[in-house]
Structures are given as structure tokens and as C-alpha cells.
Amino acid sequence: MKCPFCADPNTQVTDTRENEDGDVVRRRRRCPKCDKRFTTYERIDLKMPHIVKRNGSRTEFDHTKLAGSMKLALRKRPVTIDAVDAAVDRIEARLLSLGEQEVPSEKIGELVMKELKKLDKVAYIRFASVYRNFADVDEFSDLIREVQPRSRRSKPAKPGQESGHDLFGG
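Quick notes on the rules
- Residues numbered from 1 in each chain as written.
- Predicted model: local features only at pLDDT ≥ 70, side-chain atom pairs only at ≥ 80, totals over all residues.
- Heavy atoms only, no water.
- Helix = DSSP H or I, 4+ residues; strand = E, 2+ residues; numbered from the N terminus.
- Buried < 20%, exposed > 50% of the residue type's maximum accessible area, 1.4 Å probe, protein only.
- 1 Å grid on protein atoms, 1.4 Å probe; cavity = no way out; pocket = protein on both sides within 12 Å on 5 of 7 lines; lining within 4 Å.
- Points joined across faces, edges and corners; volume = space filled by probe spheres on them.
- Salt bridge = Lys/Arg side-chain N within 4 Å of Asp/Glu carboxyl O.
- Core = buried A, V, L, I, M, F, W, Y, C linked by side-chain atoms within 4.5 Å.
- Contact = heavy atoms within 4.5 Å.

Participant: What is the right way to look at the environment of Ile-44 in this model?
Facilitator: Position of Ile-44 relative to the elements: it lies in the loop between β3 (37-43) and β4 (50-52). Here Ile-44 falls in the exposed class, since its relative accessible area comes to 62%. Here the alpha-carbon distance between Ile-44 and Val-24, two residues 20 residues apart in the chain, equals 7.4 Å.

In C-alpha cells, the structure reads:
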């Protein structure tokens, strides 16, 4: 490592420490020529795959954009920022584990929907309605039935019986 003060290439490591997560190494260094000390950090540099959009164009993966789209779906929902960050981290880890240089945007959309479904059903439906470009109300109904617990799904009323519910929840 070159000294930032005198540019001498022969510096010495005096102390090495890892952070708690083990993903960053901090090194204290000393330059024998000018006797100045400085700190360097060593981090893993993982290359995220490029995203292939539906129109065929390619773009770099953008962590901020991914987190932003999830936060938009989760707007005014009772989900913590830490939970969103953890979900984004899981999506990134999954993309890295694929080992691909390019990933279709549809794959990312599916991963986002999977994470949102675990975090918040309303956010999942919000995101899915935009992502899947719903054409009619029936598609919303199908998705809502998919996320409702089985015990809450309404059973069809027998002929001649009222379901007990009206449009206003009565």
C-alpha cells in the first residue's frame, strides 16, 4: 500500500482488526520513510448482475431503486425500515447466488413480491397490481383470495341464505 503522505510504496501493517460482521478488515499502517500512520479498509467487492428490462435494454443493479420501490409499496404500512433493509439484503444475496452476469427484471419483480408477501399482504397486493399490470378487478380478487388465510375466505352461501355481509361490512 502506497503512503498517502509521501507516496512511498513500502508501508508496514502495525495492526489488523475485523469488524463484528467479519466483512471489513481495518488495517493500521506506518510508513517507514516519513513515519506517518494511516488506516486502510479492506472490503469484499461483489459484482451485482446487470438487469435486463422487458424492452431488452440493460441497466446496472441499483440497491437504492430496489429499496425505494419496496418502501413505496409499504408506504403507511406497519413495517420497520430494518425489515425492509433485511428483505433487500435477501434479494441481493439471492441475485448474487445465481452467479449470473445478467438477470431479467421479471426475476427481480418475483423476488420482491415474495419478500413483500412475507412482510405485508397489503404491500404485496399494491406491488403486484402495478408489476403485473392488472387489467380488471377479477385479477385483484384472485390475488386477495390468494393471500387471505383459509379460515377467513368466505364460503359460498347456500341457495336461499344470506351471506351475512353487505358492501358496508354489516
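Here the narrative resumes, following the displayed structure.
Participant: Is there a simple way to think about the layout of surface pockets in this case?
Facilitator: Any empty space left between the atoms is revealed when a probe the size of a water molecule rolls over them. Of the pockets and cavities examined, the largest pocket occupies roughly 520 Å³. Contributing to the lining of the largest pocket are 18 residues, with Ile-51, Lys-65, Ser-69, Ser-105 and Ile-108 lying nearest its centre. Those elements giving two or more residues to the lining of the largest pocket turn out to be α1 (63-73), α3 (105-119) and α4 (121-131). Here the lining of the largest pocket gets 5 residues from one element, more than from any other, and that element is α3.

Participant: It is not clear to me how the pattern of salt bridges should be interpreted in this structure. Could you clarify?
Facilitator: Pairing is possible between side chains of opposite charge, provided their charged atoms come close. Following the criterion strictly, the structure yields 8 salt bridges and no others. Across the pair Glu-106 and Arg-54 runs a salt bridge whose closest N-O atoms are separated by 3.4 Å. Of this pair, Glu-106 sits in helix α3 while Arg-54 is found in the loop between β4 and β5 (58-59), placing the two residues 52 residues apart along the sequence. By relative accessible area, Arg-54 is classed as exposed at 56%. For Arg-58, the salt bridge goes to Glu-102, with nearest N and O atoms at 2.6 Å. One end of the pair, Arg-58, is in strand β5; the other, Glu-102, is in strand β6 (residues 102-104), and 44 residues separate them in sequence. Look at Glu-102 and you get partly exposed, because its relative accessible area is 37%. Linked by salt bridges that have partners in common, Arg-90, Glu-115 and Lys-118 make up one network.

Participant: Can you help me understand the nonpolar core in this one?
Facilitator: If you look at soluble globular proteins, the nonpolar side chains tend to sit buried side by side. Among the nonpolar cores identified, the biggest contains 27 residues, and Met-70, Val-112 and Leu-116 are the most heavily contacted of them. At the level of secondary structure, the elements contributing two or more residues to this core comprise α1, α2 (81-98), α3, α4 and α5 (137-147). In terms of residues, this core owes the most to one element, α4, which gives 6 residues. For Val-112, the residues in contact, after removing those within four places along its chain, are Leu-66, Met-70, Ile-91 and Phe-127.

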